[in-house]
Amino acid sequence: MKTIQGVQVLLTTPMAENGALDYESTFRLIDHVIGGGVHGIILLGSTGEFFSLSETERKEFAERAIGHIGGRVAVGVCPGLSGTETTIDLAIQAERCCADYLLVPIPFYFANTLPGIVDFFVRVARSVSIPIMPYDGGGGNSLDMETWRRIVAAAPNISLAKITVPMPSKVSWLHDEFGGRVSAFGGSDQTILLSLANGASGLTVAGANVVPQAFVRMYELYKAGDRDMARCMYYRTISPMNVIAVPAHTEFIQCYKQALYWMGIISSPHTRGPMMPLDAARKEELRAALTLIGISMPIH
């Protein structure tokens with residue numbers, strides 16, 4: 001089993017113009033991010049539009065993508081759904097396909113009770129043997145301290161955490177509370193530096209679809225103690241793109257797909273409804289930001 005650390009890219013899910021899953025583009029994208037040095041790939045997270053795919057599509061995509069990755073880097077899969085049994089089914093299938101860990105969001109539709117959320121995470125964790133990474137902040141849902149204590153105590157393989165809540169200090173709390181047993185990752189492209197300052201074991205980021213080498217270099221510089229150069233790398237080669245993409249949480253997926261399309265890596269920037277294509281103004285600013293950070297875009 002691979003060590004889970006460093007830059008874990010939340011892979012987009014390429015689609016053809018008719019909405020069908022595009023595996024040729026997927027394989028090119030996988031090769032692009034691995035060539036950029038990422039330490040791991042997370043399939044079917046929010047950036048991967050898991051919410052718009054059928055369970056059958058999610059199983060097929062996980063199997064084919066993991067097959068193409070071929071053990072080159074660590075692989076996480078998101079089996080998240082609002083129901084425990086369906087999440088368990090997807091979790092078991094991901095482990096059978098040789099996923100190294102699972103990214104599991106909080107059940108996101110119903111207003112769940114604390115016992116219900118604890119039961120959900122514990123049952124999912126016990127259904128597999130690989131590490132579980134609860135998604136703290138996904139869809140605007142967060143885990144409070146008491147819930148973290150209960151699920152970690154009940155399931156030893158809950159050993160990772162993705163922290164997307166706007167409170168990077170939660171990274172250090174998790175490390176201190178559990179004596180290093182839980183490795184917390186910075187989960188937001190906008191709070192990378194603050195997450196690292198709080199001791200994040202790594203980063204789960206979407207922008208690394210486009211500029212994987214920049215994220216990896218920034219992470220390596222920071223971990224080596226050269227924080228000033230890491231900051232320069234972030235503000236010069238990552239932040240301009242994220243200023244356009246991330247603040248509009250309804251459009252960050254479209255922005256990264258549009259960039260990958262312009263770069264010639266994926267064949268279409270298509271996203272499924274209810275997400276809509278980017279308007280002309282955002283496209284113009286996105287292209288300008290990508291040009292500013294030196295991205296080659298052969299497709300116009």
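Residues numbered from 1 in each chain as written. Predicted model: local features only at pLDDT ≥ 70, side-chain atom pairs only at ≥ 80, totals over all residues. Heavy atoms only, no water.

(A) Structural view of the pairing of strand β1 (residues 6-10). Extensive coverage of β1 is indicated by the burial of five of its five residues. Taken together, the four bridges between β1 and strand β8 (residues 202-205) define a ladder with parallel strand orientation. When the bridges of β8 are listed, Val9 appears paired with Val205. In this structure, β1 lies alongside strand β2 (residues 40-43), joined through three bridges in parallel fashion. Residue pairing in the sheet places Gln8 in a bridge with Gly40 of β2. Handedness of the crossover joining β1 and β2 through helix α1 (residues 23-35): right-handed. (Buried < 20%, exposed > 50% of the residue type's maximum accessible area, 1.4 Å probe, protein only. Helix = DSSP H or I, 4+ residues; strand = E, 2+ residues; numbered from the N terminus. Pairing = 2+ DSSP bridges. Right-handed = clockwise from strand over helix to strand, strands pointing away.)

(B) Region of the structure containing the packing of aromatic side chains. Tallied over the full model, the rule gives seven aromatic pairs. On the numbers, 6.4 Å between centres and 75° between planes, the contact of Phe252 with Tyr256 is edge-to-face. Taken together, the residues Phe252 and Tyr256, both in helix α11 (residues 252-262) and four residues apart, mark about one turn of the helix. Given the relative accessible area of 1%, Tyr256 is considered buried. An aromatic cluster is defined as three or more aromatic residues linked by ring pairs; in this entry it consists of Tyr23, Phe27 and Phe61. (Phe/Tyr/Trp six-rings, centres within 6.5 Å; stacked < 30°, edge-to-face > 60°.)

(C) Molecular detail of the side chain of Ser268. Here Ser268 is to be found in the loop between α11 and α12 (280-292). Ser268 sits in the buried class, given a relative accessible area of 3%. Of the polar contacts made by the side chain of Ser268, one reaches the side chain of Glu17; its length is 2.3 Å. A polar atom in the side chain of Ser268 sits 3.1 Å from the backbone nitrogen of His270. In this structure Ser268 touches Met15, Ala16, Glu17 and Tyr261, once residues within four positions along its chain are discounted. (Polar contact = N/O pair within 3.5 Å; in protein donor to acceptor, adjacent residues only side chain to side chain. Contact = heavy atoms within 4.5 Å.)

(D) Just the environment of Lys257, in detail. Within the element layout of this structure, Lys257 appears in helix α11. For Lys257, a relative accessible area of 0% gives the class buried. Counting along the chain gives 244 residues from Lys257 to Thr13, while the straight-line C-alpha distance between them is 8.8 Å. Setting aside its immediate chain neighbours within four residues, Lys257 contacts Thr12, Thr13, Pro14, Met15, Glu49, Ile266, Pro269, His270 and Thr271.

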